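Each chain, letter by letter, is given below.
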Amino acid sequence: MQLVLLGPPGAGKGTQADALVKKLFIPHISTGEIFRAAISMGTAMGKEAKSYLDEGKLVPDEITVGIIKDRLSQADCRAGFLLDGFPRTLQQAKALDVLLKELELQLTKTLNIEAPPDLLIVRLTGRRMCSKCGAIYHLLYNAPQNEGFCDVCGGSLYQRSDDSEETVRRRLDVYKEQTEPLIEYYFAQGLLARVNGALPMNEVLLALGQALGQKWN
Ligand code: ADP
Ligand code: ADP
Ligand code: ZN
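What comes next is a walk through the structure.

Cut-off values and rules
Residues numbered from 1 in each chain as written. Chains lettered and ligands numbered in written order. Predicted model: local features only at pLDDT ≥ 70, side-chain atom pairs only at ≥ 80, totals over all residues. Heavy atoms only, no water. Donors = N, O, S within 2.8 Å, 3.2 Å for Na, K, Ca; no water. Tetrahedral: all angles 85-135°; square planar, octahedral: opposite > 155°, others 65-115°. Buried < 20%, exposed > 50% of the residue type's maximum accessible area, 1.4 Å probe, protein only. Near = heavy atom within 4 Å. Polar contact = N/O pair within 3.5 Å; in protein donor to acceptor, adjacent residues only side chain to side chain. Areas by Shrake-Rupley, 256 points an atom, 1.4 Å probe, with all protein chains shown as cover. Helix = DSSP H or I, 4+ residues; strand = E, 2+ residues; numbered from the N terminus. Axes fitted to C-alpha atoms, helices over the stretch in contact; angles between N-to-C directions. Contact = heavy atoms within 4.5 Å. Nonpolar A, V, L, I, M, F, W, Y, C, P; charged D, E, K, R; others polar. 1 Å grid on protein atoms, 1.4 Å probe; cavity = no way out; pocket = protein on both sides within 12 Å on 5 of 7 lines; lining within 4 Å. Points joined across faces, edges and corners; volume = space filled by probe spheres on them.

In this section: the coordination of the zinc ion (ligand 3). The zinc ion (ligand 3) binds to the protein through C130 (SG), C133 (SG), C150 (SG) and C153 (SG), with metal-donor distances spanning 2.3 Å. Each of the four donor atoms bound to the zinc ion (ligand 3) contributes to angles spanning 98 to 115°, and the resulting shape is tetrahedral. Since its relative accessible area comes to 41%, C133 is described here as partly exposed. Judged by relative accessible area, which is 31%, C153 ranks as partly exposed.

Turning our eyes to something else, we now look at the site of ligand 1. Taken together, 18 residues are adjacent to ligand 1, and G10, T15, R127, Y137 and L199 come closest. In the model, a nitrogen atom of ligand 1 is placed 2.8 Å from a nitrogen or oxygen of the L199 main chain. Its free accessible area being 560 Å², ligand 1 has 94% of it covered by the protein chains. Elements represented by at least two residues in the shell around ligand 1 include exactly helix 1 (13-24) and strand 6 (136-138).

Running from amino to carboxyl end, helix 7 (residues 165-179) crosses helix 8 (residues 181-188) at an angle of 35°, the nearest separation of the two axes being 6 Å. In contact with Y175, K176, E177, Q178 and T179 of helix 7, helix 8 contributes P181, L182 and I183. For the contact of helix 7 with helix 8, the residue count by class is four nonpolar, two polar and two charged.

For ligand 2, the set of nearby residues contains 20 residues, the closest of which are T31, R36, K57, G85 and R171. Here R160 contributes a side-chain N or O atom positioned 3.2 Å from an oxygen atom of ligand 2. R171 is positioned such that a nitrogen or oxygen atom in its side chain is 2.4 Å from an oxygen atom of ligand 2. Protein chains bury 96% of the 560 Å² of accessible surface belonging to ligand 2 in isolation. Of all the secondary structure elements, the ones that give two or more residues to the shell around ligand 2 are helix 2 (31-41) and helix 3 (44-55). In terms of residue count, the dominant contributor to the shell around ligand 2 is helix 2 (four residues).

Right, let's get into the layout of surface pockets. As a volume, the second largest pocket reaches approximately 410 Å³. In this structure, the second largest pocket is lined by 19 residues; those nearest its centre are E33, R36, A37, Y158 and R160. Elements represented by at least two residues in the lining of the second largest pocket include exactly helix 2, helix 3 and strand 5 (127-130). Broken down by element, the lining of the second largest pocket gets its largest block of residues, five residues, from helix 2.

Shown next as structure tokens:
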């Protein structure tokens, strides 16, 4: 399956992507994670991307599309893939169409996880990430057993610098302006499935499975 996870920041894309790829055995490709890894390694691309992430703006399409082009051309993507956080602009969506054509692949579905703005702000400002394995937590909704430490690997948890309330608000504006139009773009192609992201995590996962014609329990 060739899948795209759409939805505003905080809708639960990363959380659901982690669960989905364990069921579907396909690579999880998150442009946000690729940028954060490049920034922490101090690569040239990371240096270029950093100011955009810090300000809650989108990294320019030329850079982002180039990254996805390299990644989708790798052998593991022949079995399918789950894109999380890409595309985020119409130009990226059109570039993805061209790329998939070159690779002789087609999108199976675009899964749109929906949630209202008030909830997104609470989700993002309470988000904590594992510094070692990337697991996603929430202070209220998905708290770790031991405060400050990852249940999976014991790594220490941190708050993403772009999860401050000010940057979150900017990201939600950017989403509305640049990413929301993709819902219509994929709807028009008959590829869109909508899922209520305000439900508990396991229920969202079930709904995503249903949209993909899979029966999970
Ligand atoms: P995104 O990748 O769309 O920005 P995340 O998956 O990182 O979203 O989730 C944002 C925050 O909300 C995280 O702290 C996560 O633990 C929490 N979260 C995700 N899904 C749910 C849910 N269904 N119910 C409650 N909290 C959730
Ligand atoms: P979230 O899970 O909260 O939606 P991400 O981890 O997906 O956040 O993205 C974090 C940041 O990385 C974005 O605010 C943006 O600066 C950059 N980014 C991620 N994906 C893209 C993309 N497809 N195009 C441009 N910038 C991106
Ligand atoms: Zn961990």
